[in-house]
Amino acid sequence: MSRQQAVAYVARVHQTNYGAKAVWFFRALLIVPFVLMGPEVASALMGRPDGVANISSSVADVLGTSTFLIFIMMLAVTPIRTMTGWNWHVILRRDYGIAMFVTAAVDLTLAATTTGDTFPGTVLTRVGGHTFLVAGTLSTLLLVPLVVTANRRAQRWLGRHWKSVQRLTYVVWGTILVHLFLLFGLGTIFLEAVAVSVPLAVLRIPAVRRWWTASMHHGSYDMTRLVAAAALIGIFAMGYVPLVQELAVKGSAAFAQNPGRD
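Remember, predicted model here, so these are calculated numbers, not experimental data.

The next point concerns the packing of aromatic side chains. Summed over all chains, the structure comprises seven aromatic pairs. Where Trp-86 meets Trp-88, the ring centres are 6.0 Å apart and the plane angle is 40 degrees; that geometry is what we call tilted. Counting every residue linked through ring pairs, the aromatic cluster contains Trp-211, Trp-212 and Tyr-221.

Shown next, in the form of structure tokens:
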């Protein structure tokens, strides 16, 4: 083995070790929404006063925001691979997709059973009584085929059609943005959702992805890629950071069982 090969081998080993630890860290983050909502859910199950009302006030702010943040992290896997050439994080795409479905399903279930004070009527009213609720519920239902087919057995069974099913991800992306627009209009949260979406969409454009991969492989256009990466990361951060801050504030209030009554 030459010196160059030895250096490359050591670099791969270090990247693998780092990647394995990082994967478990990012997986651990997926329990945060349930930890934040845990005290309120436990309180409601024990029949304590304001238990159900607290969930009604918190569920959209905590689990709804968490669902979108998890979705964005799942969508970021491929652009990060394009920009860096890393592979250690690719497994997180499936993990975050499944976690998004679980979080969205719990969100929908709690909303359907606890938000009678906000949306009087039947369970159907609470999940589809308004256009923004229909868009949110549709987003959750569209996740079902994605989760069911997120395994190698389904990939083998569906063959070339597997990718077609997984492209429902883009439909979900659209319905989520519609849900947020109908709920907030051109308000801050919708604009933040657009901000995090733009860089992820740009790096999915085939011509952009091919150019980035080829130039990185050949070591060309380094400065151009650096400037482009800084711009894309900056736009992403403009939306992502406020959403995380929103979750931190509303999640802390939920954990303390003292949510704001909007």
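Tracing the chain through its elements places Gly-19 in helix α1 (residues 3-28). Judged by relative accessible area, Gly-19 falls into the buried class, the value being 1%. As for Gly-19 and Thr-109, which are separated by 90 residues in sequence, their C-alpha atoms are 35 Å apart.

Within the largest apolar cluster, 42 residues are counted, with the highest numbers of intra-cluster contacts made by Phe-68, Phe-71, Ile-72 and Val-172. For this core, the secondary structure elements donating two or more residues are α1, α2 (32-45), α3 (51-84), α4 (92-114), α6 (131-148), α9 (168-184), α10 (188-202) and α12 (222-255). At 13 residues, the largest contribution of residues to this core is made by α3. Not counting chain neighbours up to four residues away, the residues in contact with Phe-71 comprise Met-100, Thr-169, Val-172, Trp-173 and Ile-176. Counting residues in each nonpolar core, the second largest holds five residues, with Met-83, Leu-203, Ala-229 and Leu-232 among its members.

With that out of the way, let us pick up α10. Compared with an ideal rise of 1.5 Å per residue, which puts 15 residues at 21 Å, α10 spans 22 Å between its outermost C-alpha atoms and is within 8% of the ideal. Within α10 the residues assigned to the buried category are Phe-190, Glu-192, Ala-193, Ala-195, Val-196, Ser-197, Pro-199 and Leu-200.

The subject of this paragraph is the pattern of salt bridges. One pass over the full model with this rule turns up five salt bridges. Across the pair Lys-250 and Asp-61 runs a salt bridge, and its minimum N-O distance is 3.7 Å. With Lys-250 in helix α12 and Asp-61 in helix α3, this pair connects stretches of sequence that are 189 residues apart. Judged by relative accessible area, Asp-61 falls into the buried class, the value being 17%. On the basis of relative accessible area, Lys-250 is assigned to the partly exposed category, the value being 25%. Several salt bridges share partner residues, and in doing so they unite Arg-27, Arg-94 and Asp-95 into one network.

Here the focus is a nonpolar patch on the surface. A surface patch of nonpolar side chains, about 540 Å² in accessible area, is lined by Phe-25, Leu-29, Ile-31, Val-32, Val-35 and Phe-255. Within the fold, Ile-31 resides in the loop between α1 and α2.

Scoring rules and cut-offs
- Residues numbered from 1 in each chain as written.
- Predicted model: local features only at pLDDT ≥ 70, side-chain atom pairs only at ≥ 80, totals over all residues.
- Heavy atoms only, no water.
- Phe/Tyr/Trp six-rings, centres within 6.5 Å; stacked < 30°, edge-to-face > 60°.
- Helix = DSSP H or I, 4+ residues; strand = E, 2+ residues; numbered from the N terminus.
- Buried < 20%, exposed > 50% of the residue type's maximum accessible area, 1.4 Å probe, protein only.
- Core = buried A, V, L, I, M, F, W, Y, C linked by side-chain atoms within 4.5 Å.
- Contact = heavy atoms within 4.5 Å.
- Expected span 1.5 Å × (residues − 1).
- Salt bridge = Lys/Arg side-chain N within 4 Å of Asp/Glu carboxyl O.
- Patch = residues over 30% accessible without salt bridge, like charges linked within 9 Å, V, L, I, M, F, W, Y side chains within 5 Å.
- Areas by Shrake-Rupley, 256 points an atom, 1.4 Å probe, with all protein chains shown as cover.

Just geometry here; none of it tells us what the structure is for.
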